[in-house]
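# Coordinate analysis (summary)
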Amino acid sequence: NYCLWEKSDIRPLYPLRADFVKYANGPVFDKEERGGTGAGEQNRYWHPLVVRHMWPLEHQMLITNSSDFGPNVFVQCIHDFIKVNKTQPFFIYFAGITAHQHWDDVIKDQAFIAMPKVKGRLIMDIKGREEEGTGSFASNIVYIDKMAGYMKKIIRDEGLVKNTIFFFTSDNGSHGFGKGSLISERGTHVPAIVWGGPIKKRGNVDHLFSLIDIYNTVSDLMGAGVDSSRPNSYSWAKFWTGKSDATVRKWMVAHRGEKDDGGVIRPGWVARNDRFIRDGDNVLWDCSGGRDERDCTKAKPSEFSYAYDTLKEKVDEIKKSGFSDAGVF
């Protein structure tokens with residue numbers, strides 16, 4: 001069951017990789033409006049091209065107009081899905097898709113797309129109230145927060161807070177600062193916010209958490225236990241629900257592939273424990289001041305050889321395990 005944006009007029013974007021959907025034919029828009037990923041591609045923001053599938057029905061191309069905003073359509077799809085399935089276990093994945101520049105046919109260039117008004121008002125930007133029809137990185141981020149609030153309200157209104165877990169994260173650091181960066185952990189450090197009735201309230205927690213931990217954590221929470229064939233995915237089920245206060249992860253490794261940066265081949269491996277980071281340039285960082293990368297300082301491997309060598313051993317261990325693509329471990 002899903003709603004998804006169609007990048008072209010013939011096939012869905014994301015489930016295509018998983019090969020579990022049939023291709024859907026849909027209308028071809030003669031003119032790109034505001035919010036596709038490039039010239040000639042279909043919209044995912046204003047006047048979006050959206051396919052909806054509710055099992056066991058076939059695909060349905062939603063009828064939208066220029067006042068419809070793609071992410072809002074997706075949130076409505078989620079609400080409709082929850083209303084139908086709230087008496088049984090369900091899993092929902094929602095991609096906010098905002099906070100990206102996209103093709104704007106009005107100005108014939110890439111730009112941040114204007115977000116909808118909230119309670120009749122434009123979203124306040126860090127540079128002041130934004131003008132009608134314009135967007136910014138800040139307003140896009142603010143609207144992601146608004147959508148998260150809408151979904152939490154849906155969970156409350158449907159009486160599901162007691163047995164629902166809400167997990168918020170991101171795929172990478174922001175462009176120009178963290179995306180693709182091998183320096184420190186800018187490219188791999190993303191938020192992990194957990195909320196819901198079963199979750200013990202702890203506030204900020206300074207523990208290492210990897211996105212691949214979601215796999216065994218969800219499996220454990222659903223009563224299926226931990227998949228021992230995925231030993232690098234740790235379960236946080238007991239910690240999240242307050243049954244244990246023990247730290248789950250002692251170290252983690254991330255790999256984004258080899259990178260030719262100005263003629264210099266960078267190894268692309270970042271490893272860290274609770275204090276040190278050995279980044280993609282094999283530079284050692286001391287983060288004893290906190291998890292904020294700005295608090296990390298370069299450390300001499302000769303002074304902390306045990307940390308430098310240990311993190312290298314973890315990287316070598318993952319390399320030998322037969323990984324096939326970039327990822328986190």
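Since the structure is predicted, the reported quantities are computational estimates derived from the model, not experimental observations. (Residues numbered from 1 in each chain as written. Predicted model: local features only at pLDDT ≥ 70, side-chain atom pairs only at ≥ 80, totals over all residues. Heavy atoms only, no water.)

### Topic: the overall build of the chain
When you go through the chain residue by residue, the secondary structure sums to six helices and 18 strands. Of the contacts made within the chain by residues no fewer than 6 positions apart, 51% connect residues no fewer than 24 positions apart. As displayed, the chain has an accessible area near 19100 Å², and 52% of this comes from carbon and sulfur atoms. (Helix = DSSP H or I, 4+ residues; strand = E, 2+ residues; numbered from the N terminus. Contact = heavy atoms within 4.5 Å. Areas by Shrake-Rupley, 256 points an atom, 1.4 Å probe, with all protein chains shown as cover.)

### Description of the nonpolar core
Counting residues in each nonpolar core, the largest one holds 26 residues, and the members touching the most others are Y45, F69, I82 and Y143. Those residues in contact with I82 that sit more than four places away from it in its chain are F90, I92, I154, E158 and L160. If you look at the next biggest cluster of nonpolar residues, it comprises 13 residues, including V253, A271, A299 and A307. (Core = buried A, V, L, I, M, F, W, Y, C linked by side-chain atoms within 4.5 Å. Buried < 20%, exposed > 50% of the residue type's maximum accessible area, 1.4 Å probe, protein only.)

### Structural notes on helix α3 (residues 137-157)
For α3, spanning 21 residues, the distance from its first C-alpha to its last is 31 Å, which sits close to the expected 30 Å at 1.5 Å a residue. Where α3 is concerned, the buried positions are A138, S139, N140, Y143, I144, M147, A148, M151, I154 and I155. G159, located one to two residues past α3, shows a positive phi value of around 70°. (Expected span 1.5 Å × (residues − 1).)

### Some points on the side chain of N273
Note on placement: N273 falls in strand β14 (residues 269-273). Overall, N273 belongs to the buried group, its relative accessible area being 18%. Here R275 takes part through its backbone nitrogen, which lies 2.9 Å from a polar atom of the side chain of N273. A distance of 2.6 Å separates a polar side-chain atom of N273 from the backbone nitrogen of F276. Among all residues touching N273, those that are not within four sequence positions of it are L208, K250, W251 and L311. (Polar contact = N/O pair within 3.5 Å; in protein donor to acceptor, adjacent residues only side chain to side chain.)

### With respect to helix α2 (residues 70-85)
Between its terminal C-alpha atoms α2 stretches 23 Å, which fits the 22 Å expected from 16 residues at 1.5 Å a residue. Most of α2 sits inside the fold, with twelve of its 16 residues counted as buried.

### A closer look at the confidence of the model for the chain
Averaged over every residue, the pLDDT of the chain is 75; the share at 70 or more is 72%. Below a pLDDT of 50 lies the segment residues 7-40, which in the model reaches 88 contacts outside its immediate sequence neighbourhood of four places, other chains included. (pLDDT = per-residue confidence, 0-100.)

### Quick look at the pattern of salt bridges
Scanning the model with the defined rule gives eight salt bridges in all. A salt bridge links K86 to E158; its shortest N-O distance comes to 2.8 Å. With K86 in the loop between α2 and β5 (102-104) and E158 in the loop between α3 and β9 (165-169), the pair connects residues that are 72 residues apart, well separated along the chain. Since its relative accessible area comes to 35%, K86 is described here as partly exposed. The class of E158 is buried, set by a relative accessible area of 15%. The salt bridge involving D157 is made with K153; its shortest N-O contact spans 2.7 Å. With D157 and K153 both in helix α3, this residue pair falls four residues apart, about one helical turn. One salt-bridge network, held together by shared partners, links K200, R202 and D245. (Salt bridge = Lys/Arg side-chain N within 4 Å of Asp/Glu carboxyl O.)

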